[in-house]
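Chains, contacts and geometry: an overview
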Amino acid sequence: YIASNKISYSFIPTYFIEEFRKIKSELELIFIGVEKVKSKDIFDLKKLNPELIVINAYGPTESTVVSTIYNYDHSLSNINYLPIGKPISNMVCYI
């Protein structure tokens, strides 16, 4: 579907990464969100798709869809889950 419709960018719920990490994709950029992201899943995805940009997009329901982003860095592949990143423009994050 992605290749036949020439889709380059996509927002994908975390639970779909299990399937995406097994295939070579035509995507250029993936925003991942909804739940915690396992670093190993992204590491596997990037092995097959080294040019793919992966961004963890975190946002609690109260803040609309996304309030923080983290651009995946393979040097952190030894951690269990991706960080939630930094606030997007015009946002502040309190933890």
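Just above, that's the structure.
Rules of the game
- Residues numbered from 1 in each chain as written.
- Predicted model: local features only at pLDDT ≥ 70, side-chain atom pairs only at ≥ 80, totals over all residues.
- Heavy atoms only, no water.
- Phe/Tyr/Trp six-rings, centres within 6.5 Å; stacked < 30°, edge-to-face > 60°.
- Helix = DSSP H or I, 4+ residues; strand = E, 2+ residues; numbered from the N terminus.
- Buried < 20%, exposed > 50% of the residue type's maximum accessible area, 1.4 Å probe, protein only.
- Contact = heavy atoms within 4.5 Å.
- Core = buried A, V, L, I, M, F, W, Y, C linked by side-chain atoms within 4.5 Å.
- Salt bridge = Lys/Arg side-chain N within 4 Å of Asp/Glu carboxyl O.

Our focus in this paragraph is the packing of aromatic side chains. What the rule picks out here adds up to one aromatic pair. Seen from their ring centres, Tyr15 and Phe16 are 5.1 Å apart, and the 70° between their planes marks the pair as edge-to-face.

Mapped onto the elements, Tyr58 comes out in strand E3 (residues 53-58). On the basis of relative accessible area, Tyr58 is assigned to the partly exposed category, the value being 35%. Here Tyr58 is in contact with Val65, Val66, Ser67, Thr68 and Ile84, once residues within four sequence places are set aside.

With that out of the way, let us pick up the nonpolar core. Ranked by internal contacts, the top residues of the largest apolar core, which has 14 residues, are Ile30, Ile32, Ile42 and Val54. Contacts of Val54, omitting those with residues within four sequence positions, involve Ile30, Ile32, Ile42, Leu45, Lys46, Tyr70, Asn71 and Tyr72.

Our next topic: the pattern of salt bridges. Going through the model one piece at a time under the given rule, you end up with two salt bridges. The salt bridge partner of Lys40 is Asp44, with a shortest N-O separation of 2.9 Å. A residue pair is termed a helical-turn pair when its members lie 3 or 4 positions apart in one helix, as Lys40 and Asp44 do in helix H2 (residues 39-48) at four residues. Lys40 gets classed as exposed once you look at its relative accessible area, which sits at 52%.

Relative to the elements of secondary structure, Lys86 occurs in strand E5 (residues 86-87). Note: C-alpha distance between Lys86 and Thr68 (18 residues apart in sequence) is 5.0 Å. Excluding residues within four positions of it along the chain, Lys86 makes contact with Ser67, Thr68 and Ile69.

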